[in-house]
Amino acid sequence: MKRLLYFLYLLPIFLSLGCNKYQDEISIKLSHVKGYGPFLNGNLITFPAVDSIYYKGVPNDLDEYVVRSVILQRKQYLWNQYKTGKIDKQRFSQLATYYKIDSTRLTNELVDSEVIFLIGTRTDKKRIIIVDSNNDENFSGEKILEYDFPLSLEKEKEISDFLPVISANYEYFEEGKITRKTVNLQPSPYRGSLGISYYTKNEVEKKYDLFISFPEYLSGKAKINHSNYDVYVSNGFASMVFTEDRANIYIKNNKDTRPSEIDGDLPYRIGDIFNTDDSIDYLIEKISFWGDTLNLKYLGKNSHPFGFNEMFYIPKFTAQKLDHSEFSLKDYSGKYILFDFWGTWCTPCIKSIPDLKELYNEFKDKEIMFVSVAFDSDANKVGQFVLREQMNWEHIFIDQNKIDKNSLVEKLRVSSFPTTILISPEGVIIARNKSFEELRIILNEKLKSQHLHPVLN
């Protein structure tokens, strides 16, 4: 009996020794914060309505106007359109396949998930927008937002984050009932540098651009093992729900400076691996529909974390040179590698080629390889361009018309061109999106240090 009691006493100790000392599952609580936080702002385009929109209460002092809408629960809206006969069975079947609509999760009751907007020009030539904020299809009594129009592109960018924000009501069906919700909306009449065509015969509709942003991100704090982290999440600001394919995530030690997408800090996505200060990998597993929680899953210890930001090891990738031979990092062991992402379609890329050639000529006889990565649609065109411009270094071709999750563009999250990424001989990203002058300084320092402190075999 004493032996049994002694064994039971020691059992928790034995179990604890066999258990993982790190947190297996981490659930981070997030709160909604108005604004864009550390993220670049985003929006959605409203297009002329296909069906007629019911409304009233239009001000009398307008020269012209159009009315557009934003649907905040598309699947339910389309189901209601089908049930009321506004969409036929064949069309709904197509839409159901595209949007993955499960009608068993929807209601036959009408759900008013549509918010309508009026945009027009007053007799004093002022551009105005009115939001039906109380969702009663009546613009009378609503706040009238005024905008200087037109503006220069520079002025549009300058004021984009400071445009007025309006709260609007809408209905949403979930968990078997219709609930009333409120969403913050930031409407804008400015198109920036976008080229947009509206397929409509209505000439007035063609005059007006209306962009809607949902200026709200998520913020939270997490204690992961022995360190405290700040967490920020956005969904691109073009929706008020957090689908996993649109979530942008920062997880930063709260001793570090706050991340900034504007300054080039790239956010994580769902499915990425986050490496902690004590070199533990966690899978960024999922985020809740409304963004209330972010879940991480323990993967294991990793002192060589892969990533796309500076100080991470370059992820594994597949690539082909312009001559269709395979590109492998192993062929350039012991050398720095400068990747230059470009395309023949990219005007800034073309303008930067003389500076890139100058840098190449300066370092071509040293322990550094130059590799241009053409993200383009025609390999022959790229090859001819390379020969004509005497770009006498290595070249990789990636077909921009094909989706390849293992390509360098995807693995390194290259979304703007040109982009330069410098890799150390150990395979670590040591510089991203630096100017050519900054790269020159970094390379001189690194190569000098390498010369002074040779690697011993």
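Since we're looking at a predicted model, the values are computed, not measured. (Residues numbered from 1 in each chain as written. Predicted model: local features only at pLDDT ≥ 70, side-chain atom pairs only at ≥ 80, totals over all residues. Heavy atoms only, no water.)

## A closer look at the overall build of the chain
Next up, step 1: Per the secondary structure count, the chain includes nine helices and 21 strands.
Next up, step 2: Residues counted as buried form 46% of the 457 residues belonging to the chain.
Next up, step 3: Roughly 26000 Å² of accessible area belongs to the chain as shown, and the carbon and sulfur atoms make up 50% of that amount.
Next up, step 4: Charged side chains of the chain number 58 positive and 63 negative; the gap between the two group centres comes to 4 Å. (Helix = DSSP H or I, 4+ residues; strand = E, 2+ residues; numbered from the N terminus. Buried < 20%, exposed > 50% of the residue type's maximum accessible area, 1.4 Å probe, protein only. Areas by Shrake-Rupley, 256 points an atom, 1.4 Å probe, with all protein chains shown as cover. Lys, Arg positive; Asp, Glu negative; His and termini not counted. Charge placed at Lys NZ, Arg CZ, Asp CG, Glu CD.)

## Digging into the environment of Leu387
Next up, step 1: Following the sequence through the fold, Leu387 ends up in helix H7 (residues 379-388).
Next up, step 2: For the pair Leu387 and Ile423, spaced 36 residues apart in sequence, the C-alpha to C-alpha distance is 26 Å.

## Some details on the sheet that holds strand S4 (residues 62-71)
Next up, step 1: The strand order across the open sheet formed by four strands is S4-S5-S6-S7, and the pairing between neighbours is antiparallel. Two strands bound the open sheet, and with one partner strand each, they are S4 and strand S7 (144-147). Along the sheet, successive strands turn relative to each other by an average axial angle of 25°, direction set aside.
Next up, step 2: Here S4 pairs with strand S5 (residues 114-122) via nine bridges, running antiparallel. Note on S5: the bridge partner recorded for Val67 is Leu118. (Pairing = 2+ DSSP bridges. Axes fitted to C-alpha atoms, helices over the stretch in contact; angles between N-to-C directions.)

## So, the confidence of the model for the chain
Next up, step 1: Summarising the model, the chain shows a mean pLDDT of 91, and 94% of its residues fall at 70 or more.
Next up, step 2: Note on residues 13-18: pLDDT is under 50 here. Beyond four places in sequence and across chains, it has zero contacts.
Next up, step 3: Across residues 452-457 the pLDDT falls below 50, and counting only partners more than four positions away or on other chains, this stretch makes zero contacts in the model. (pLDDT = per-residue confidence, 0-100. Contact = heavy atoms within 4.5 Å.)

## A short note on the nonpolar core
Next up, step 1: Counting residues in hydrophobic clusters, the biggest one holds 51 residues, and the most contacted among them are Phe339, Phe341, Phe370, Ile396, Leu408 and Leu422.
Next up, step 2: For Phe370, the contacting residues outside a window of four places in its chain are Leu338, Leu356, Leu359, Tyr360, Phe363, Trp393 and Glu394.
Next up, step 3: Membership of the second largest hydrophobic core comes to 26 residues, among which are Val231, Tyr282, Leu294 and Phe308. (Core = buried A, V, L, I, M, F, W, Y, C linked by side-chain atoms within 4.5 Å.)

## Notes on the pairing of strand S11 (residues 216-224)
Next up, step 1: Pairing geometry for strand S2 (residues 31-34) and S11, over four bridges, is antiparallel. Its bridge partner lying in S11, Ser31 is registered against Ser219.
Next up, step 2: Examined bridge by bridge, S11 and strand S12 (residues 227-234) share seven bridges and lie antiparallel to one another. Residue pairing across strands places Leu218 opposite Val233, the latter belonging to S12.

## Thoughts on the pattern of salt bridges
Next up, step 1: Per the counting criterion, the structure on display carries 18 salt bridges.
Next up, step 2: Measuring nitrogen to oxygen at the nearest pair gives 3.1 Å for the salt bridge that ties Asp124 to Arg122.
Next up, step 3: For Arg122, the salt bridge goes to Glu146, with nearest N and O atoms at 2.8 Å. Note that Arg122 is positioned in strand S5 and Glu146 in strand S7, a separation of 24 residues in sequence.
Next up, step 4: Looking at Glu146, the relative accessible area reads 44%, which means it is partly exposed.
Next up, step 5: Taken together, the salt bridges that share partners define one network made up of Glu358, Glu362, Glu437 and Arg440. (Salt bridge = Lys/Arg side-chain N within 4 Å of Asp/Glu carboxyl O.)

## Observations regarding the packing of aromatic side chains
Next up, step 1: In total, this model carries 31 aromatic pairs according to the counting rule given.
Next up, step 2: The interplanar angle of 55° and the centroid separation of 6.1 Å between the aromatic rings of Tyr55 and Phe139 together place this pair among those described as tilted. Taken together, the positions of Tyr55 in the loop between strand S3 (44-45) and S4 and Phe139 in the loop between strand S6 (127-131) and S7 put the pair 84 residues apart, joining distant regions of the chain.
Next up, step 3: According to the relative accessible area criterion, Tyr55 is partly exposed, its value standing at 28%.
Next up, step 4: Residue Phe139 is classed as buried on the basis of its relative accessible area of 2%.
Next up, step 5: Ring geometry for Phe149 versus Tyr190: centroids 6.0 Å apart, planes at 15°, classification stacked. Of this pair, Phe149 sits in the loop between S7 and helix H4 (153-159) while Tyr190 sits in the loop between strand S9 (177-188) and helix H5 (203-207), placing them 41 residues apart in sequence.
Next up, step 6: Judged by its relative accessible area of 32%, Phe149 falls in the partly exposed class.
Next up, step 7: We note Arg127 situated over the ring of Phe149; from NZ or CZ to the ring centre the distance is 3.8 Å. (Phe/Tyr/Trp six-rings, centres within 6.5 Å; stacked < 30°, edge-to-face > 60°. Lys NZ or Arg CZ within 6 Å of the ring centre and 35° of its normal.)

## Considerations on the sheet that holds strand S10 (residues 211-213)
Next up, step 1: One open sheet holds the four strands; their spatial order is S3-S10-S9-S8, and the pairing between them is antiparallel. The sheet terminates laterally at S3 and strand S8 (166-174), the two strands that pair on one side only.

## A short note on a nonpolar patch on the surface
Next up, step 1: On the surface, Ile45, Phe47 and Leu194 cluster together into a nonpolar patch covering about 250 Å² of accessible area.
Next up, step 2: Residue position: Phe47 is located in the loop between S3 and S4. (Patch = residues over 30% accessible without salt bridge, like charges linked within 9 Å, V, L, I, M, F, W, Y side chains within 5 Å.)

## Thoughts on unusual backbone geometry
Excluding glycine, residues mostly carry a negative phi; peptide bonds, for their part, are mostly trans.
Next up, step 1: Cis geometry marks the peptide bond from Phe149 to Pro150, where omega comes out at -5°.
Next up, step 2: Inspection of the secondary structure puts Pro150 in the loop between S7 and H4.
Next up, step 3: Residue Pro418 follows Phe417 across a cis peptide bond; omega there is 0°.
Next up, step 4: For Pro418, the location among the structural elements is in the loop between helix H8 (408-411) and strand S20 (419-423).

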